[in-house]
Amino acid sequence: EVSTLKDLFGLASNEHDVSMAKYSRLPKRKENEKLKAEVAKEVANARRKQHLSSLQYYCALNALQYRKRVAMMEPMLGYTRGQINFFKKGAEMFSKRMDSFLSSVSDMVQSIQGELDAEAEKMRVSQQDLTAVNESVYTPDSDVTSPAINRNLIQKAGYLNLRNKTGLVTTTWERLYFFTQGGNLMCQPRGAVAGGLIQDLDNCSVMAVDCEDRRYCFQITTPTGKAGITLQAESKKEYEEWICAINNISRQIYLTDNPE
């Protein structure tokens, strides 16, 4: 469009130059009013045509310049609006989901806080009960005369003292945590992450023994009759229950349908 208008403006300018050339060659001495009027009219028409074509050409140039200005702004504006709408929709969806999520998290926190408060109250009551009980509850062998002994145990766990020989006649005692697992007696030192096998109890025998000046000692003997480990319980109740539990396990009562 701009190129066409430029060509038309060029043609109009050429026509104007031709008409002006005619007007300039009019004789000064022998004036012909009729010819002068015709040439002047031709010049006027050429100027009008040139003026109109120039205005159309300049208008097209100005429009092109404005289109150049907005040529990059329009897509950028559309892109920006699209991004804003996209983020608005995303924000709406995210806010809805976040509202639900935050609501559930808030409910969870309140539930956990309620459980914590209830547990703290329960522990406070337990502490009060513990401080109110008689010291005899914590005293070893407090019911030595008539302890409540369970003789049907097929598993047992607790701390025992293990005798270790350090020489021909010298011995040491080590306090360790013992527990039964299947037909085995397991031992776990303090700080260890797991227990280890210390004695296979199947077909073993257990009996009370006298050990120097220590009480509540018992010894486990292997099926071949070889003396095994010697252990010491901390009370008569523990002593009796460990012996009964090991006897029950050695007879494989733990494998029956009704151990009791």
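All of these numbers come straight from a predicted model, not from anything done at the bench. (Residues numbered from 1 in each chain as written. Predicted model: local features only at pLDDT ≥ 70, side-chain atom pairs only at ≥ 80, totals over all residues. Heavy atoms only, no water.)

*Asks:* Looking at this structure, I do not really get the nonpolar core. What am I missing?
*Replies:* In summary, soluble globular proteins display a tendency toward joint burial of nonpolar side chains. One finds Phe 178, Leu 185, Phe 218, Ile 220 and Leu 231 to be the most contacted residues of the largest nonpolar core, which totals 20 residues. For this core, the secondary structure elements donating two or more residues are β1 (157-165), β2 (171-181), β3 (184-188), β6 (214-221), β7 (227-232) and α3 (236-250). Looking at this core element by element, the count peaks at five residues for α3. Setting aside residues no more than four positions away along its own chain, Leu 185 makes contact with Phe 178, Phe 179, Thr 180, Gly 196, Leu 197, Ile 198, Gln 199, Leu 201, Ile 220, Ile 229, Leu 231 and Trp 242. (Core = buried A, V, L, I, M, F, W, Y, C linked by side-chain atoms within 4.5 Å. Buried < 20%, exposed > 50% of the residue type's maximum accessible area, 1.4 Å probe, protein only. Helix = DSSP H or I, 4+ residues; strand = E, 2+ residues; numbered from the N terminus. Contact = heavy atoms within 4.5 Å.)

*Asks:* Explanation requested: the packing of helix α1 (residues 2-24) against helix α2 (residues 33-132) in the structure shown.
*Replies:* A pair of packed helices is captured by two measures, namely the crossing angle of their axes and the spacing between those axes. Where α1 contacts α2, the two axes come as close as 8 Å, and the packing angle between them is 160°. In terms of orientation, α1 lies roughly antiparallel with respect to α2. The hand of the α1/α2 crossing is left-handed. Here the contact of α1 with α2 is built from residues that sort into 16 nonpolar, seven polar and seven charged. (Axes fitted to C-alpha atoms, helices over the stretch in contact; angles between N-to-C directions. Parallel < 35°, antiparallel > 145°, perpendicular 65-115°, else oblique. Left-handed = near helix turned anticlockwise from the far one by under 90°. Nonpolar A, V, L, I, M, F, W, Y, C, P; charged D, E, K, R; others polar.)

*Asks:* What is the right way to read the UniProt feature "domain: PH" (unreviewed entry) in the protein from this model?
*Replies:* The UniProt record marks residues 153-251 with the feature "domain: PH" (unreviewed entry), using the residue numbering of this structure. Between the C-alpha atoms that bound residues 153-251 there is a distance of 12 Å. The span itself is 15% helix and 52% strand. (UniProt positions renumbered as here; feature names shortened; annotations may be inferred.)

*Asks:* Quick question: what am I supposed to make of the side chain of Thr 230 here?
*Replies:* Structurally, Thr 230 can be placed in strand β7. In terms of polar contacts, Thr 230 uses its side chain to reach the side chain of Gln 219, at 3.3 Å. Apart from residues lying up to four places away in sequence, Thr 230 is in contact with Asn 161, Leu 162, Arg 163, Trp 173, Val 209, Cys 211, Phe 218 and Gln 219. (Polar contact = N/O pair within 3.5 Å; in protein donor to acceptor, adjacent residues only side chain to side chain.)

*Asks:* Could you clarify how one ought to interpret the side chain of Glu 241 in this entry?
*Replies:* Looking at the secondary structure, you find Glu 241 in helix α3. Take Glu 241: its relative accessible area is 5%, and that puts it in the buried class. In contact with Glu 241, not counting residues within four places along its chain, are Ala 148, Ile 149, Asn 150, Leu 153 and Lys 156.

*Asks:* How do you make sense of a nonpolar patch on the surface when you look at a structure like this?
*Replies:* A surface patch of nonpolar side chains, amounting to about 410 Å² of accessible area, comprises Leu 130, Val 133, Val 137 and Tyr 138. Position of Tyr 138 relative to the elements: it lies in the loop between α2 and β1. (Patch = residues over 30% accessible without salt bridge, like charges linked within 9 Å, V, L, I, M, F, W, Y side chains within 5 Å. Areas by Shrake-Rupley, 256 points an atom, 1.4 Å probe, with all protein chains shown as cover. Salt bridge = Lys/Arg side-chain N within 4 Å of Asp/Glu carboxyl O.)

*Asks:* Where do I start with the pattern of salt bridges in this structure?
*Replies:* Where charged atoms from two side chains of opposite charge approach closely, those side chains can pair. Tallying each qualifying case throughout the model produces nine salt bridges. Notably, a salt bridge pairs Lys 49 with Glu 15, separated by 3.2 Å at the nearest N-O pair. Taken together, the positions of Lys 49 in helix α2 and Glu 15 in helix α1 put the pair 34 residues apart, joining distant regions of the chain. Look at Lys 49 and you get partly exposed, because its relative accessible area is 45%. Accessibility expressed as a relative area gives 38% for Glu 15, which makes it partly exposed. Linking Glu 240 and Arg 151 is a salt bridge whose minimum nitrogen-to-oxygen distance equals 3.6 Å. A residue pair is termed long-range when its members are at least 10 positions apart, and Glu 240 in helix α3 and Arg 151 in the loop between α2 and β1 qualify at 89 residues. By relative accessible area, which is 46% here, Arg 151 ends up partly exposed. Counted as one network, the salt bridges with shared partners bring together Lys 156, Lys 237, Glu 238 and Glu 241.

*Asks:* Honestly, the environment of Phe 86 in this entry has me stumped. Any pointers?
*Replies:* Tracing the backbone shows Phe 86 in helix α2. Spatially, the C-alpha atom of Phe 86 lies 53 Å from that of Lys 122, the residues being 36 residues apart in sequence.

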